[in-house]
Amino acid sequence: MTTTTASGVSQQHEANPELSARWRRATEEPVWIRWTLITIALTFLGLFLVLPLLVVLYGAFEQGLGVWFAAINEPDAWAAIRLSLLVVVIVVPINVLFGVAAAWAIAKHEFRGKPILISLIDMPFAISPVVVGLIFVILFGSQGWLGPWLAAHDIRIIFAVPGIIIVIAFGTMPFIARELIPLMQQQGKEEEEASLTLGANGWKTFWYVTLPNIKWGLIYGIILCNARALGEFGAVAVVSGRIRGETNTMPLHIEVLYNEYMFTAAFAVSSLLTGLALVTIAIKSFVEWLDERSRESTAISHEGAVS
Amino acid sequence: MSVAKKRRVIPGFGLTMGFTLFYLSFIFLIPVGGLLLYTSMMSWEDFWRAVSHPQVVASYKLSFGAALIGATINLVFGALVAWVLVRYRFPGKKLIDALVDLPFALPTAVAGIALVTLYASSGWVGQYLQIAGIKVAYTQLGVVVALTYIGLPFVVRTVQPVLEDLEAEREEASASLGASRFTTIRRVILPSLLPALMTGYALAFARAVGEYGSVVFISGNMPYRTEITPLLIVAKAEQFDYHGAAAIGTVMLLAAFALLLLINGLQWWTSRRGV
Amino acid sequence: MKISLRHTLIGGLATLFVASASAAEIELLNVSYDPTREFYREYNAAFSKHWSELKGDEVRVRQSHGGSGSQARSVIDGLDADVVTLALAYDVDALRQQADLIPENWQSRLPDNSSPYTSTIVLLVRKGNPKNIRDWDDLVRDDVEVITPNPKTSGGARWNYLAAWGYALNKFDGDEDKTYQFISKLFQNVPVLDSGARGATNTFVQRGLGDVFIAWENEAFLSVEQLGKGEFEIVVPSVSILAEPPVTVVDKNVDRKGTREVAEAYLGYLYSDEAQRLAGQHYYRPSNPEIGKEFADSFPDVELFRIDDVFGGWQKAQDTHFNDGGKFDSILEEISRR
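Residues numbered from 1 in each chain as written. Chains lettered and ligands numbered in written order. Predicted model: local features only at pLDDT ≥ 70, side-chain atom pairs only at ≥ 80, totals over all residues.

Draft legend 1. Structural context of the overall build of chain C. Helix and strand counts for chain C come out as 16 helices and 11 strands. Computed over C-alpha atoms, the radius of gyration of chain C comes to 21 Å, within 12% of the 20 Å expected from 2.2 N^0.38 for 338 residues, which places it in the range of a compact globule. Its C-alpha atoms give chain C principal-axis dimensions of about 60 × 55 × 40 Å. Counting across all 338 residues of chain C, residues that qualify as buried make up 51%. If you take every contact in chain C between residues at least 6 apart in sequence, the share linking residues at least 24 apart comes to 73%. (Helix = DSSP H or I, 4+ residues; strand = E, 2+ residues; numbered from the N terminus. Rg over C-alpha atoms; globule rule 2.2 N^0.38 Å. Buried ≥ 20, exposed ≤ 12 C-beta atoms within 10 Å, placed from the backbone. Contact = placed C-beta atoms within 7 Å.)

Put into structure tokens, the structure is as follows:
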């Protein structure tokens, strides 16, 4: 490697077209590589993402908007939608708290057994949804350990809403934490240390230094967590009891419809569920847009101050 | 700077660690501990008989093997997708970005139905693959397809924020030092992405091992050939054999934990060496 | 965004309260298996009307459907069913064996082995019967692909298996070995083992897989009449099994909830003329022979055998054939070694 200083090169490359080309070669890819990569990525996504989505949308709207609307506007469907939204409203905030706390503890501090803790946080992904359901049946079922006590006190956990919330909280636990940990690790802790050295307290440092830095990771985490909480199926199927209009979440309701050979209705509710999950993406784009706008305005005021 | 000094500088360790451990215990450790305790109530012979039956062993091979292949596909293509989404401009980028999370949003059963509609020999894609002599639905390849699908967002979404955050200065510095683009990617970008890549890989793998809903539609569920382990657990539970189900569940749990520990340990070790 | 979140929360909580408030009127929970949805939806309305005319009370029947085995498991684990209406007696009997929810004599408490409607197992083939499938013998031909769900996870599939077994046992004059070979050969022709009956129907109907689908008679009718009109034909085998889906009150639950009277009336009314006709309309064979005559045209005459006569009851059939290490397991193992 050469030992030319960065400033030297940038001065030179403005003058020297050959160096400028070399500079571009070194910081970005040639056009043909760029488009090859884009094509490969899009082909992959097309096969795995777009086509399945098209199947769902095709199934949902095959028989027209009226049929789609009729499938959604049905008491059992509404009950399922309400239940799924209730679950999200409870589970996502809890996971935000947990995710931020865990990432702060893990990424900004050194301690023994860190890989074990991280692996434990990953575990809910690795446990089959079926086993998750089984675990809670073993704990709370009437043949289970806590079941008789719960029954004596007339507390319903499984085959009722609390059980559904618990299994979904279990399954979505890692999302936000795992989104934030690598990001915060990659960012290091210099900025926080600087802020603290300058006299800010821990909360202030978190609020003004860390949070802006991890904003995107947090938003991605929430998107994933929200989507997964809406879509969770296997574990809920075990603990829900499938009472129509009461303990069927949207995915379970979809399964019910599919098993009733009401394919159009099943795909209609699926398309709605997909839409709900993608709402968070719209929010993300909106935040992005706000962010860009505020950055532009500060840049302008900054320039004004300099001149 | 010593490790001990760093720890003293940044506050909140007690609070955040406390809450992390509390929540982890409440929602995770106690239930999982319950499962392990439940399994431990079996006699060793019963346990061994339940988990070592040839049919069960065949299902381990399929579940773990297909999950590894699926996660590896996701590692390569996920990184590529994240790169393309962050670095390049092309029409429809926003939409594609939004779609990446789809595999989480669609209930797994719907995903399974959609995939089998596509890849069955009469399906949209399957009929063309059929001509090429490739059968996807109701084969082990079908399992790989389903597991790739459900793990897809992990690598993309863990790599994406890190890539967005990567300062251009470091690449420019590398370039100005005369490094070629390839060298810059290999020596500067890849090491920064490594933790995120490994995390995404671990998560995609972990999720794939336990997947049930989407696979059962596309795999054909033939014992010894295309039957995944979670399906066997369901079958045991339906026959009221909770102990057998819990035993196989425990094996899966321990194996997944060991693999996650390996990957996370490896990552922790490389990141420490890198500093 | 804030507003919609709040609305959602209020909406969600309201649902919870409404659910608990309406518990004051009479409510029954009927835990059933997949193919009965359409029938019970209509029957519930009929019963509610009947009961309000009789007693003046409103009855709301809540429904839960799923695979028969997993539904039984849910009730055992605490799902508050007042009545269960499942696919086979083995699953109902599990309520007694696993959790002591019902007495030992449950099956003799109602007429006809507690089965107000029956069905049988038939063969569904594609239009024009291209593979010329006439009877069970054709299912072991090398050129035939058979669709049936997995007997380990599906109650319907167990009926299928036992129907074929009973036929073969009869054909080979009780030679168990030959019968075993016959069933083994049949399962070699099965390319996909779905976990439930409805999943298997979808594989055959939607995916177009297989030449013949072994199915409940009522499901076969449903496929022919509604799923793909004119695309399928029913082939009635020479011999089949009498499938008796039993019903029972879940004693422990109704005594705790104080719903025994309604629950018993609910099941009792299944034997009324009105309900029997409803069952016939939904392609179940009415147990009342008088009503059965009205549907004689739709239900072909088949020589039916009972599980008790050929297999000595469900418990024995389950132990010999479907439990771990049973005959079905060894068939699977044999096939895997080929």
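Draft legend 2. View of the overall build of chain A. Broken down by element type, chain A carries 15 helices and zero strands. Taken across its 307 residues, chain A has 50% of its residues classed as buried. In chain A, of all internal contacts separated by at least 6 residues, the share reaching a separation of at least 24 is 75%.

Draft legend 3. Fine view of the pairing of strand β1 (residues 26-33) of chain C. Residue and element names in this part refer to chain C. Most of β1 sits inside the fold, with seven of its eight residues counted as buried. Across eight bridges, β1 lies against strand β2 (residues 59-66) in parallel orientation. Residue pairing in the sheet places S32 in a bridge with H65 of β2. Traced from β1 through helix α2 (residues 37-55) to β2, the parallel crossover comes out right-handed. (Pairing = 2+ DSSP bridges. Right-handed = clockwise from strand over helix to strand, strands pointing away.)

Draft legend 4. The domain arrangement of chain C, seen in detail. Residue and element names in this part refer to chain C. Taken domain by domain, chain C consists of domain 1 (2-115 + 244-271) and domain 2 (118-243 + 300-337). The straight-line distance from the C-alpha centre of domain 1 to that of domain 2 is 30 Å. Residue-level contacts link 15 residues of domain 1 with 18 residues of domain 2. Among the elements of the structure, α3 (68-76) and α4 (89-99) are those that each provide at least two residues to the side of domain 1 that touches domain 2. Looking at which element gives the most residues to the side of domain 1 that touches domain 2, the answer is α4, with four residues. (Domains from an automatic or database assignment.)

Draft legend 5. Looking closely at helix α10 (residues 168-176) of chain B. Within α10 of chain B, the full set of buried residues consists of S174, A175 and S176 of chain B. At the C-terminal side of α10 of chain B, G178 of chain B shows a positive phi close to 95°.

Draft legend 6. Expanded view of the interface of chain B and chain C. Contacts between the two partners involve 19 residues from chain B, matched on the other side by 19 residues from chain C. Sort the elements by how many residues they give to the side of chain B that touches chain C and helix α13 (residues 229-238) of chain B lands first, with five residues. Across the side of chain B that touches chain C, the residue classes break down as 13 nonpolar, five polar and one charged. (Nonpolar A, V, L, I, M, F, W, Y, C, P; charged D, E, K, R; others polar.)

Draft legend 7. Examining unusual backbone geometry more closely. Even without glycine at this site, Y138 of chain B takes up a positive phi of about 65°. With respect to the helices, strands and loops of the structure, Y138 of chain B is situated in the loop between α8 (126-131) and α9 (140-165). Exposure remark for Y138 of chain B: the 26 C-beta atoms within 10 Å place this residue in the buried category. We note that S114 of chain C has phi near 60°; this positive angle belongs to a residue other than glycine. With respect to the helices and strands, the residue S114 of chain C is situated in helix α5 (residues 111-114).

Draft legend 8. View of the domain arrangement of chain A. For chain A, the assigned domains are domain 1 (1-61) and domain 2 (65-306). For the side of domain 1 of chain A that touches domain 2 of chain A, a count of residues per class yields four nonpolar, one polar and no charged.

Draft legend 9. Up close: the interface of chain B and chain A. Taken together, the contact pairs 101 residues of chain B with 92 residues of chain A. For the side of chain B that touches chain A, a count of residues per class yields 69 nonpolar, 21 polar and 11 charged.

Draft legend 10. Main features of the sheet that holds strand β3 (residues 83-85) of chain C. All names here are of chain C. The sheet built from four strands is open, its strands ordered β2-β1-β3-β9 with mixed pairing. The sheet terminates laterally at β2 and β9 (247-249), the two strands that pair on one side only. Each strand of the sheet is rotated relative to its neighbour by a mean of 20°, with strand direction disregarded. The sheet contacts of α3 involve β1, β2 and β3, and relative to β1 the element is tilted by about 140°. (Axes fitted to C-alpha atoms, helices over the stretch in contact; angles between N-to-C directions.)

Draft legend 11. Here's a closer look at the UniProt feature "transmembrane region" (unreviewed entry) in chain A. Residues and elements named next belong to chain A. Under the UniProt annotation, "transmembrane region" (unreviewed entry) lies at residues 32-61, 81-104, 116-140, 155-177, 218-241 and 261-283. Between the end C-alpha atoms of residues 81-104 the distance is 34 Å, and the span holds 100% helix and 0% strand. Annotated as 92% helix and 0% strand, the span residues 116-140 places its first and last C-alpha atoms 28 Å apart. (UniProt positions renumbered as here; feature names shortened; annotations may be inferred.)

Draft legend 12. Spatial organisation of the UniProt feature "domain: ABC transmembrane type-1" (unreviewed entry) in chain A. UniProt's feature table lists "domain: ABC transmembrane type-1" (unreviewed entry) at residues 81-284 of chain A, given in the numbering used throughout. Between the end C-alpha atoms of residues 81-284 of chain A the distance is 22 Å, and the span holds 79% helix and 0% strand.

Draft legend 13. Broad picture of the confidence of the model for chain C. All names here are of chain C. Across chain C, the average pLDDT comes to 90, with 93% of residues at or above 70. In the model, residues 1-6 has pLDDT below 50 throughout and makes one contact with residues more than four positions away in sequence or in other chains. Segment residues 12-24 is flagged for pLDDT under 50; beyond a separation of four residues in sequence, or across chains, it makes eight contacts in the model. The complex prediction reports pTM at 0.85, with the ipTM value standing at 0.85. (pLDDT = per-residue confidence, 0-100.)

Draft legend 14. Local environment of the packing of helix α4 (residues 54-87) of chain B against helix α11 (residues 181-210) of chain B. Residue and element names in this part refer to chain B. Running from N to C, α4 and α11 cross one another at 145°; their axes reach a closest spacing of 8 Å. The element α4 and its partner α11 pack so that their crossing is right-handed. Residue-level contacts link S63, F64, A67, L68, G70, A71, N74, L75, G78 and A79 of α4 to L197, G200, Y201, A204, F205, A208 and V209 of α11. Of the residues contributing to the contact of α4 with α11, the split by class is 12 nonpolar, five polar and no charged. (Left-handed = near helix turned anticlockwise from the far one by under 90°.)

Draft legend 15. How the structure looks around the environment of F47 of chain C. Residue and element names in this part refer to chain C. With respect to the helices and strands, F47 occurs in helix α2. The sequence separation of F47 and L267 amounts to 220 residues, and the corresponding C-alpha distance is 9.6 Å. When residues no more than four places from it in sequence are discounted, the contact partners of F47 are V59, V61, Y266 and Y269.

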